[in-house]
Amino acid sequence: MELQSLRLVNYRNYTDLTLNFSDGVNVFLGENAQGKTNLLESIYVLALARSHRTSSDKDLIRWQEKEATISGRVKKSISDTPLSLHFSNKGKKARVNHLEQSKLSQYIGQLNVILFAPEDLELVKGAPSVRRRFIDMEFGQMNPLYLYNTTQYRRILKERNAYLKRLQMKQTTDTIFLDVLTEQLVDIGSQVLLARQTFLERLEVAAQPIHAEISNKRETLTLRYQTSLDFEKETDLATIKLVFEQTLKKQQSREIMQGSTLVGPHRDDIQFIVNDNDVAVFGSQGQQRTTALAIKLAEIDLMQQETGEYPILLLDDVLSELDANRQTHLLLAIQDKVQTFITAPTLSDIARQLIHAPRVFHVKQGEIVLEEQVE
């Protein structure tokens, strides 16, 4: 998969910008607050129809403008597809091959990206919500059904929590509607949970050899899905549904008292184990960074296995956060394999030596100059 070109109109600090990219490594160099991360963000938004930096689409529109557009051309092994997103105060419109998509779930997956930024080093030691978001965003790109199910789960969960709050406040005493919402939550939530377990098993297989190589064969990485439901790991969908339903029945009085759903995929977590120790609790900073790097590199191969195409890799100012050994492993892993976009103030000597023929863009106050044009 390759992003051949990108056009931004009234996006962040860009009025009207068109760029053509190399199918290898593309580098955006510049000081802070010049617009290089905005470029990387725009590629992420083009892929996922949402930003990783803000929850408000209005933030993406240039100051004092009313609308913005991101468009690009994606080349795959068997297709060449134009994509575009238009943002305004009326919402956003997504187009594939110039045809407007009625649902974003039909749009997402046309361009697959993996983002690795300094905050992703928090994947291991950050809050459980960080890891849940990670698995939902990455697996959602690979599997449209999972993306649909997680969207439905959040909708039902919101409705169920609102009704539990009404019961808590004694605005109603009827639990029949709660039973209906519970049945819907169990049905969709069980599918989400089983899919997450399957995804993590495949991710573990892909990550283990990478982690072993980076740690010079001294460490073994395993992933554990920590669910708020009590059942064995190797479980079929029917069993998960049964346990989920029974657990919610047992928790019903507590949930009404607290006005919130207390168990389900929205409360689950991922545990990273290195040499039988929880790396978030007992691991060094180096072990935590090795784990995060191994997971990100494993995603590349896993996404190729699931979709038949390698994703695009976005490295947002992450090289400076990695030591020489981890930089080297990262850059050798992506060399001549995936199209990569890197932002950095400067390129390290290691990066200059290892990156083959990068296309370098210098970014200053929203203006872009190719390196070969720099005097």
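Residues numbered from 1 in each chain as written. Predicted model: local features only at pLDDT ≥ 70, side-chain atom pairs only at ≥ 80, totals over all residues. Heavy atoms only, no water.

**Q** Sorry, what's going on with the sheet that holds strand β3 (residues 25–29) here?
**A** Strand pairing in a sheet takes place through backbone hydrogen bonds and is either antiparallel or parallel in direction. The sheet built from six strands is open, its strands ordered β8-β12-β13-β3-β14-β15 with mixed pairing. Each edge of the sheet is formed by a strand with only one pairing partner; in this case those strands are β8 (113–116) and β15 (367–370). Along the sheet, successive strands turn relative to each other by an average axial angle of 20°, direction set aside. (Pairing = 2+ DSSP bridges. Helix = DSSP H or I, 4+ residues; strand = E, 2+ residues; numbered from the N terminus. Axes fitted to C-alpha atoms, helices over the stretch in contact; angles between N-to-C directions.)

**Q** Can you walk me through a negative patch on the surface in this structure?
**A** On the surface, Asp174, Asp179, Glu183 and Glu245 cluster together into a patch of negative charge. The exposure class assigned to glutamate 245 is partly exposed, which follows from its relative accessible area of 36%. (Patch = residues over 30% accessible without salt bridge, like charges linked within 9 Å, V, L, I, M, F, W, Y side chains within 5 Å. Areas by Shrake-Rupley, 256 points an atom, 1.4 Å probe, with all protein chains shown as cover. Salt bridge = Lys/Arg side-chain N within 4 Å of Asp/Glu carboxyl O. Lys, Arg positive; Asp, Glu negative; His and termini not counted. Charge placed at Lys NZ, Arg CZ, Asp CG, Glu CD. Buried < 20%, exposed > 50% of the residue type's maximum accessible area, 1.4 Å probe, protein only.)

**Q** Before we go on, may I ask you to explain the layout of surface pockets in this structure?
**A** In this approach a probe as big as a water molecule rolls over the atoms, and the regions it shows empty are the leftover space. In this model, the largest pocket occupies a volume close to 540 Å³. In terms of lining residues, the largest pocket is bounded by 25 residues, among which Arg50, Asp136, Thr150, Thr151 and Arg154 are the most central. Elements with a minimum of two residues in the lining of the largest pocket: α2 (104–107), α4 (128–142), α5 (144–168) and α6 (176–214). Taken together, the residues that form the lining of the largest pocket break down as 11 nonpolar, seven polar and seven charged. If you trace the second largest pocket, you find 13 residues lining it, with Leu115, Glu119, Asp120, Val130 and Arg133 closest to the centre. When contributions to the lining of the second largest pocket are tallied by element, the ones reaching two or more residues are α3 (122–125) and α4. (1 Å grid on protein atoms, 1.4 Å probe; cavity = no way out; pocket = protein on both sides within 12 Å on 5 of 7 lines; lining within 4 Å. Points joined across faces, edges and corners; volume = space filled by probe spheres on them. Nonpolar A, V, L, I, M, F, W, Y, C, P; charged D, E, K, R; others polar.)

**Q** What is the right way to read the pairing of strand β13 (residues 340–344) from this model?
**A** For a regular strand, side-chain orientation follows a simple rule: the groups alternate between the two sheet faces. Across the five residues of β13, five count as buried, placing the element largely inside the fold. In this structure, β3 lies alongside β13, joined through five bridges in parallel fashion. Looking across to β13, one finds that phenylalanine 28 is bridged to threonine 343. Crossover strand β12 (residues 312–316) to β13 through helix α10 (residues 324–334) is right-handed. (Right-handed = clockwise from strand over helix to strand, strands pointing away.)

**Q** Is there a simple way to explain unusual backbone geometry in this structure?
**A** For residues other than glycine, phi is negative in most cases, and the peptide bonds are mostly trans. In the Ramachandran plot, asparagine 216 falls in the positive-phi region, its phi being about 55° despite a non-glycine side chain. Position of asparagine 216 among the secondary structure elements: in the loop between α6 and β9 (221–226). Of note, alanine 357 is a non-glycine position whose phi angle comes to about 45°, a positive value. Looking at where alanine 357 falls in the secondary structure, it is placed in the loop between α11 (349–354) and β14 (359–364).

**Q** What am I meant to see in the pairing of strand β2 (residues 14–20) here?
**A** As defined by bridge partners, strand β1 (residues 2–11) adjoins β2 across six bridges and the pair is classed as antiparallel. Its bridge partner lying in β2, leucine 6 is registered against leucine 19. Connecting β1 to the next strand, β2, in antiparallel fashion are two residues, including arginine 12 with a positive phi near 50°.

**Q** Looking at this model, I keep getting lost on the packing of aromatic side chains. Mind explaining?
**A** Note on aromatic pairs: each is described by the distance of the centres and the angle between the planes. Summed over all chains, the structure comprises eight aromatic pairs. Between phenylalanine 28 and phenylalanine 341, the ring centres sit 6.3 Å apart and the planes meet at 20°, which makes this aromatic pair stacked. Taken together, the residues span a long stretch of sequence, with phenylalanine 28 in strand β3 and phenylalanine 341 in strand β13 at a distance of 313 residues. Residues phenylalanine 28 and phenylalanine 341 agree in their burial class; the two are buried. Between the aromatic rings of phenylalanine 28 and phenylalanine 361, the centroid separation amounts to 5.4 Å while the plane-to-plane angle is 40°, which identifies the pairing as tilted. Placement of the pair is phenylalanine 28 in strand β3 and phenylalanine 361 in strand β14, with a sequence separation of 333 residues. The burial state of phenylalanine 28 is the same as that of phenylalanine 361; both residues are buried. Ring pairing ties together the aromatic residues Phe21, Phe28, Phe341 and Phe361, which thus form one cluster. (Phe/Tyr/Trp six-rings, centres within 6.5 Å; stacked < 30°, edge-to-face > 60°.)

**Q** Just to check I follow, could you spell out the pattern of salt bridges for this structure?
**A** When charged atoms on two side chains of opposite charge get close, those side chains can pair. Inspection of every chain in the model, using the stated rule, returns 19 salt bridges. A salt bridge links arginine 73 to aspartate 80, with the shortest nitrogen-to-oxygen separation between them at 3.4 Å. On the basis of relative accessibility, which here comes to 33%, the residue arginine 73 falls in the partly exposed class. Among the ionic pairs, arginine 196 bridges to aspartate 136, the shortest N-O distance being 3.3 Å. With arginine 196 in helix α6 and aspartate 136 in helix α4, the pair connects residues that are 60 residues apart, well separated along the chain. Where salt bridges share partners, they join Asp120, Glu138, Lys296 and Glu299 into one cluster.

**Q** Explanation requested: the nonpolar core in the structure shown.
**A** Soluble globular proteins: nonpolar side chains tend toward being buried together. The biggest cluster of nonpolar side chains holds 67 residues, and the ones touching the most others in it are Leu203, Phe272, Ile295 and Ile334. Ranked by the residues each element gives to this core, the list is headed by α6, at 13 residues. Leave out the neighbours within four places in its chain, and phenylalanine 272 touches Leu123, Val124, Arg131, Leu221, Thr222, Leu223, Asn277, Asp278, Val279, Thr291 and Ile295. Residues Ile43, Leu83, Leu85 and Phe87 belong to the second largest nonpolar core, which totals 43 residues. (Core = buried A, V, L, I, M, F, W, Y, C linked by side-chain atoms within 4.5 Å. Contact = heavy atoms within 4.5 Å.)

**Q** I tried to follow the confidence of the model for the protein chain on my own but got confused; where do I start?
**A** Parts of the prediction with low pLDDT should not have their coordinates interpreted in detail. For the protein chain, the average pLDDT comes to 90, and 98% of its residues sit at 70 or higher. Considering each helix and strand of the protein chain separately, the mean pLDDT is smallest for α11, with a value of 82, and largest for strand β4 (residues 67–75), with 96. (pLDDT = per-residue confidence, 0-100.)

**Q** How should the sheet that holds β4 be read in this particular structure?
**A** Sheet architecture is open: six strands sit in the order β2-β1-β4-β5-β6-β7, paired in antiparallel fashion. Here the strands that pair on one side only, and so sit at the sheet edges, are β2 and β7 (99–100). Across nine bridges, β4 lies against strand β5 (residues 80–88) in antiparallel orientation. Within β5, the residue paired with serine 71 across the bridge is serine 84. With respect to the sheet, helix α1 (residues 36–48) is in contact with β1, β2, β4 and β5, its orientation differing from that of β1 by roughly 110°.

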